[in-house]
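What follows is the residue order along each chain.
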Amino acid sequence: MMAQRHSMLRLLDTMTTNGAFAGSAALILREISRVLNQAMHREAQAVKSTAAHGLIGLNLYPQMSPSANPLASPSIGRVVSVRGSVVDGRFDDELPPIHTIIQADKNGGISIEVITQLDQHHVRGVALDPTEGLAKGDVLEDTGHPLQAPVGKAILSRIFDVFGRPIDRCGPVENVDWRSVHAAPPPLARRSVRSEIFETGIKVIDLLTPLERGGKAGLFGGAGVGKTVLLTEMIHNVAGKQHGVSIFCGIGERSREGEELYREMKQSGVLPNMVMVYGQMNEPPGSRFRVCHAALTMAEYFRDDEHQDVLLLIDNIFRFIQAGSEISGLMGQMPSRLGYQPTMETELSQLEERIANTDMGAITSIQAVYVPADDFTDPAAVTTFSHLSASIVLSRKRASEGLYPAIDPLESSSKMLAQSVVGERHYRVARAVKQTLTQYEELRDIIAMLGIQQLSLDDRNIVYRARRIERFLTQPFFTTEQFTAAKGRYVSLEDTLGGCERILNDEFKDYPESALYMLGKIDEAEGAA
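First, a word on what this report is: a plain description of the structure on this page. (Residues numbered from 1 in each chain as written. Predicted model: local features only at pLDDT ≥ 70, side-chain atom pairs only at ≥ 80, totals over all residues. Heavy atoms only, no water.)

1. What to know about the overall build of the protein chain
For step 1, the next point in the chain: Along its length, the protein chain carries 16 helices and 18 strands.
For step 2, the next point in the chain: Counting over 529 residues, the protein chain shows a buried share of 48%.
For step 3, the next point in the chain: Considering only contacts within the protein chain whose residues lie at least 6 apart along the sequence, 71% involve residues at least 24 apart. (Helix = DSSP H or I, 4+ residues; strand = E, 2+ residues; numbered from the N terminus. Buried < 20%, exposed > 50% of the residue type's maximum accessible area, 1.4 Å probe, protein only. Contact = heavy atoms within 4.5 Å.)

Pasting the structure below:
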């Protein structure tokens, strides 16, 4: 340091003696030279003093550690700008890595996830909490870790938010570990190659759109056609018959729906084998975007560590895409078709690929998909379709006819409905049912214009069979007993196949159609008639 000051003094002397500067500039240079001389004199006196006391080589003023000096610490920064949920921060030394959580000490703590590094000193992140009160110049602290979720048996029967904090007013959760919500999909070597059927106890699903164990099924439909009711019924049936763990992830849910689901699950005795994670609709888009990753992290624990089968229910996966679109707009990215984010397919793939059937266990996912304006060509619906092994389409027309569950048997499909997977009998009955319903659909226009009496006898028999099959595939649910006063039914696949075979063989042609409406096994129709 002293040699550097000597060099600077020589340069200043040369510049002043050569007349390179004049007037006030020369005065300023002379003042700088005087200050440097005084500093060098004091430093020489300090060296002499330390030598007299035998302290040469000892650093009396060691450099402060990052944790000791907040102003020079790489883990401390300042807010540069706040635009809605997007926060820019400046870190003078080391930048926080992408996905790291940085904390602002405002309103009890505002968590911000780093999304991108703008340059060597600036980061841009999305707040997972409301940013009211956050201002330019506020301190940002690098936590050194990404968003984490609690895992362990102690999380069963509890409700959490995106941060893993319990929100059911039942006290803190103890004896849990914390894991990052960002994880890689299981490698191909660990994935199971067997195709197994996941029975739900719902007739129309098990017959026409069988679900795959460890697969992904989508519930497609607009508002008010019964997506949430169907999800809650599956939770009830899986917990009662399969004895597995159910994890319900509410993305953009109403607070009322979450509270009602919690109460229903508690009354039905399902709650001890269930975990609920919510990112409610009044929360920022960052929270709604990450809540699904938190729920999936919990599901991976039960699959990989506890070796259990897990049913992961997501309501609604469209809200996940919508939250990503909001974040993309806030980050200033150029929108893609119909205003969706350009990274929609990548974001959804990173989530969906973690849902898999492995040698340890299986995560079977059922995802409600809101279809904007009932338009199935919407990019969000099309992108979601590509990841699913089964697509269950809910029809507003069937709901208006009172045919619940309002599943469209012709629009719905499953990759598992193959003879090599479900067997010859199941495949044959399902094909016959679909063929009968397809023929009935083709005859609807003729019936509407000319009446059913103008049809041939064979066509009339097809119509009668199809209408009886439609009514037999309706079913009372356990979760709607308080509204319908009808006791719920769990119907095995064997009973469903037997009932459809008997209807196709015209064993019930003398029974009124109403005798087959809203029942379980086909034997109940004999008593109803």
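Moving on, there is more to tell.
2. Notes on the pattern of salt bridges
A side chain of one charge can pair with a side chain of the opposite charge if their charged atoms are brought near each other.
For step 1, the next point in the chain: Taken as a whole, this structure holds 35 salt bridges when the rule is applied.
For step 2, the next point in the chain: Put simply, Asp309 and Arg213 hold a salt bridge, and the shortest N to O gap is 2.8 Å. Residue Asp309 is found in the loop between helix H6 (285-304) and strand E15 (310-315), and its partner Arg213 is found in the loop between strand E11 (211-212) and strand E12 (216-221); the two are separated by 96 residues along the sequence.
For step 3, the next point in the chain: Taking the relative accessible area as the measure of exposure, Asp309 reaches 34% and is therefore partly exposed.
For step 4, the next point in the chain: The salt bridge involving Lys397 is made with Glu441; its shortest N-O contact spans 4.0 Å. Placement of the pair is Lys397 in helix H10 (residues 396-400) and Glu441 in helix H12 (residues 424-450), with a sequence separation of 44 residues.
For step 5, the next point in the chain: Note on Lys397: relative accessible area 45%, which makes it partly exposed. (Salt bridge = Lys/Arg side-chain N within 4 Å of Asp/Glu carboxyl O.)

3. Brief notes about the sheet that holds strand E8 (residues 159-160)
For step 1, the next point in the chain: Spatially, eight strands are ordered E8-E14-E13-E15-E16-E12-E17-E18 in an open sheet, and the strand pairing comes out mixed. With partners counted over all chains shown, the strands left at the sheet margins are E8 and strand E18 (413-414), one partner each.
For step 2, the next point in the chain: With four bridges joining them, E12 and strand E17 (residues 390-393) adopt parallel strand pairing. Residue pairing for E17: Ala217 is matched across the bridge by Ala390.
For step 3, the next point in the chain: Here helix H7 (residues 317-330) sits on the sheet and contacts strand E13 (245-253), E15 and strand E16 (363-370); the angle it forms with E16, its principal contact strand, is near 70°. (Pairing = 2+ DSSP bridges. Axes fitted to C-alpha atoms, helices over the stretch in contact; angles between N-to-C directions.)

4. So, helix H15 (residues 493-504)
Helical geometry note: an α-helix holds 3.6 residues per turn, so side chains three or four residues apart project in the same direction.
For step 1, the next point in the chain: Here H15 contains twelve residues, and its C-alpha end-to-end distance of 17 Å stays within 8% of the 16 Å for a straight helix at 1.5 Å per residue.
For step 2, the next point in the chain: Looking only at H15, the buried set comprises Leu493, Thr496, Leu497, Gly498, Gly499, Cys500, Glu501 and Ile503.
For step 3, the next point in the chain: Its buried side turned inward, H15 meets helix H3 (203-208), H12 and helix H13 (457-472). (Expected span 1.5 Å × (residues − 1).)

5. Some remarks on the sheet that holds strand E1 (residues 76-83)
For step 1, the next point in the chain: With respect to topology, six strands assemble into a closed barrel ordered E1-E2-E5-E4-E3-E6, the strand pairing being antiparallel. Averaged over all adjacent pairs, the angle separating strand axes in this sheet is 45°, with direction ignored.
For step 2, the next point in the chain: Across five bridges, the pairing between E1 and strand E2 (residues 86-90) is antiparallel. For Arg83, the partnering residue across the bridge sits in E2 and is Val86.

6. Quick word on the packing of aromatic side chains
Note on aromatic pairs: each is described by the distance of the centres and the angle between the planes.
For step 1, the next point in the chain: Tallied over the full model, the rule gives seven aromatic pairs.
For step 2, the next point in the chain: Ring plane angle 10° and centroid distance 4.8 Å describe the contact between Phe289 and Phe320, whose orientation is recorded as stacked. You can see Phe289 sitting in helix H6 and its partner Phe320 sitting in helix H7, a full 31 residues away along the chain.
For step 3, the next point in the chain: Residue class for Phe289 comes out buried when judged on its relative accessible area of 9%.
For step 4, the next point in the chain: In this structure Phe320 comes out as buried when scored by relative accessible area, which is 1%.
For step 5, the next point in the chain: Taken together, the aromatic side chains of Phe220, Phe376 and Phe385 make up a single cluster linked through ring pairs.
For step 6, the next point in the chain: Across the ring face of Phe472, the terminal group of Lys203 is positioned such that the distance to the ring centre comes to 4.2 Å. (Phe/Tyr/Trp six-rings, centres within 6.5 Å; stacked < 30°, edge-to-face > 60°. Lys NZ or Arg CZ within 6 Å of the ring centre and 35° of its normal.)

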